[in-house]
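Notes for the structure review
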Amino acid sequence: MLDEIISIEPADPIANRKPRILCLHGFRTSGEILKTQLKKWPESVLQKLDLFFPDAPFPCNGKSEVEGIFDPPYYEWFQFNKEFTDYENFDECLEYIEECMIKHAPIDGLLGFSQGAILSAALPGLQAKGIALTKVPKIKFLMIISGAQLKNESWAEKAYSIPIQCPSLHFLGDNDFLKQYGNELLKSVENPMVIHHPKGHTIPRLDEVGLETMFKFIERIQKLVSDKEDVVTV
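Residues numbered from 1 in each chain as written. Predicted model: local features only at pLDDT ≥ 70, side-chain atom pairs only at ≥ 80, totals over all residues. Heavy atoms only, no water.

1. Points about the pattern of salt bridges
As a reminder, the rule being used: Salt bridges are counted wherever a side-chain nitrogen of Lys or Arg sits within 4 Å of a carboxyl oxygen of Asp or Glu. A helix here means a DSSP run of H or I that spans at least four residues, while a strand means a run of E at least two residues long, and both kinds are numbered starting from the N terminus. Think of it in three bands: with a 1.4 Å probe and only protein chains considered, a residue is buried below 20% of the maximum accessible area for its type, exposed above 50%, and partly exposed in between.
Tallying each qualifying case throughout the model produces six salt bridges. Asp-108 is paired through a salt bridge with Arg-17; the nearest N and O atoms lie 2.9 Å apart. Residue Asp-108 is located in the loop between helix H3 (90–103) and strand S8 (109–113), and its partner Arg-17 is located in the loop between strand S1 (5–8) and strand S2 (20–24); the two are separated by 91 residues in the primary sequence. Asp-108 sits in the buried class, given a relative accessible area of 0%. Judged by its relative accessible area of 2%, Arg-17 is buried. The residue Asp-108 makes a salt bridge to Lys-140 at a minimum N-O spacing of 3.4 Å. In this pair, Asp-108 is assigned in the loop between H3 and S8 and Lys-140 in the loop between helix H4 (115–128) and strand S9 (141–145), connecting sequence segments 32 residues apart. Bridged by salt links that share partners, the residues Arg-17, Asp-108 and Lys-140 form one connected network.

Quick look at the structure:
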């Protein structure tokens, strides 16, 4: 495929267009499920963001933890062993996310929950090294809900050898089984903003403190978004 530069007009010609965010759902769920989960956040937050909810590229290959809570179909971004150290279809997953970013261009940042959060947090480092997302603009910010680092040593070395420098907002639940790993991820991030909540592995509602932090983060990322043309290489 020949490389060419395509100028993509911004979705909103106004200088203060909303940040456009690709939202990566959790393991064996779906984009529609994540969209429903985020409705826990007030409209005053959601109306400030343009959110896009793709399904992961691979159909669910086993039982989903959300069966009986959310309707199928369910999807997964990549597959892994019990130790979370060996991955299948990871390269294909990265290519698919890039395709989604091109489809919904311009994408300014990423939001992820669980497996989607682990992916989102790894992508700025992989992009900086030219390993992933080489055809799309630099990721400007991250929103990480119940995240962690990749445990595959090879991919982790590529993803975190450079600190995550873009603005990032992290959600850590007191009863989340990934809390320890979410704290470890913070060591690879420069100047993260954090929202603590008392719940487990879930997208939390925002209390007064969390809402204040969220609005500060949105104000920060809004300043990163301009009305300039974004350039995508395809």
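2. Points about the nonpolar core
Taken as a class, soluble globular proteins show a tendency for nonpolar side chains to be buried jointly. Counted only if it meets this: By nonpolar core we mean a set of buried residues, namely Ala, Val, Leu, Ile, Met, Phe, Trp, Tyr and Cys, connected to one another through side-chain atoms within 4.5 Å. By definition, residues are in contact when any of their heavy atoms lie within 4.5 Å.
Core analysis: the biggest nonpolar cluster contains 40 residues, and Leu-22, Ile-97 and Leu-119 have the highest contact counts within it. Top contributing element to this core by residue count: H4, with seven residues. Among residues more than four places away in sequence, those in contact with Leu-22 are Phe-52, Pro-54, Ile-97, Cys-100, Met-101, His-104, Ile-107, Gly-109, Leu-110 and Leu-111. Membership of the second largest hydrophobic core comes to 23 residues, among which are Cys-23, Trp-41, Val-45 and Met-143.

3. A word on a negative patch on the surface
Heads up, the rule is: Exposure above 30% relative accessible area and the lack of any salt bridge qualify a residue for a patch; like charges then connect within 9 Å, and the nonpolar side chains Val, Leu, Ile, Met, Phe, Trp and Tyr within 5 Å. Reported accessibility uses the Shrake-Rupley method at a 1.4 Å probe radius. Residues are deemed covered only where the shown protein chains occlude them. In this tally, Lys and Arg are treated as positive and Asp and Glu as negative; His is ignored, and so are the chain termini. In this description, the location of a charge corresponds to atom NZ of lysine, CZ of arginine, CG of aspartate or CD of glutamate.
Among the surface-exposed residues, Asp-91, Glu-92, Glu-95 and Glu-99 lie close enough to one another that they form a single negatively charged patch. With respect to the secondary-structure elements, Glu-99 resides in helix H3.

4. Points about the pairing of S8
What counts, and what does not: A pair of strands is treated as paired once DSSP finds two or more bridges between them.
S8 sits mainly inside the fold: five of its five residues count as buried. Burial along S8 is two-sided: Gly-109, Leu-111 and Phe-113 and Leu-110 and Gly-112, pointing in opposite directions, are all buried. For S2 and S8, the ladder comprises four bridges, and the chain directions are parallel. When the sheet's bridge partners are listed, Leu-22 is paired in S8 with Leu-110. As paired strands, S8 and S9 are joined by five bridges and run parallel to one another. Looking at the pairing, Leu-111 lines up with Met-143 of S9.

5. Details of the confidence of the model for the protein
The condition is simple: pLDDT is a per-residue confidence score from the predictor, ranging from 0 to 100.
Counting all residues, the mean pLDDT for the protein is 91, and 89% of those residues have values of 70 or more. In the predicted structure, residues 1–14 sits below a pLDDT of 50 and forms 31 contacts with residues beyond four places in sequence or in another chain.

6. Looking at the packing of aromatic side chains
The test is simple: Aromatic rings from Phe, Tyr and Trp, taking only the six-membered ring of Trp, are treated as a pair when their centres fall within 6.5 Å; an angle between ring planes under 30 degrees marks them as stacked, one over 60 as edge-to-face, and anything in between as tilted. Only Lys NZ and Arg CZ are tested; either one counts as a charge over a ring when it is within 6 Å of the ring centre and within 35 degrees of the ring normal.
Applying the stated criterion across every chain yields a total of ten aromatic pairs. Relative to Phe-80, the ring of Phe-27 lies with its centre 5.0 Å away and its plane at 45 degrees, an arrangement referred to as tilted. In this pair, Phe-27 sits in the loop between S2 and helix H1 (31–37) while Phe-80 sits in strand S6 (residues 79–80), placing the two residues 53 residues apart along the sequence. Phe-27 sits in the partly exposed class, given a relative accessible area of 27%. Residue class for Phe-80 comes out partly exposed when judged on its relative accessible area of 29%. An aromatic cluster is defined as three or more aromatic residues linked by ring pairs; in this entry it consists of Phe-27, Phe-78, Phe-80, Phe-84, Tyr-87, Phe-90 and Trp-155. Stacked on the ring of Trp-155, the Lys or Arg Lys-158 has its end atom at 4.6 Å from the ring centre.

7. Let's talk about the pairing of strand S11 (residues 193–197)
For clarity, the cut-off: For crossovers, right-handed means that the path from the first strand over the helix to the second runs clockwise, given strands pointing away from the viewer.
Burial along S11 is one-sided: Met-193, Ile-195 and His-197 are buried, while Val-194 and His-196, pointing the other way, are not. Of the pairings in the sheet, the one linking strand S10 (residues 168–173) to S11 comprises five bridges and is parallel in character. Its bridge partner lying in S11, Leu-169 is registered against Met-193. Taking the sense of rotation as the criterion, the β-α-β connection linking S10, helix H6 (residues 179–186) and S11 turns out right-handed.

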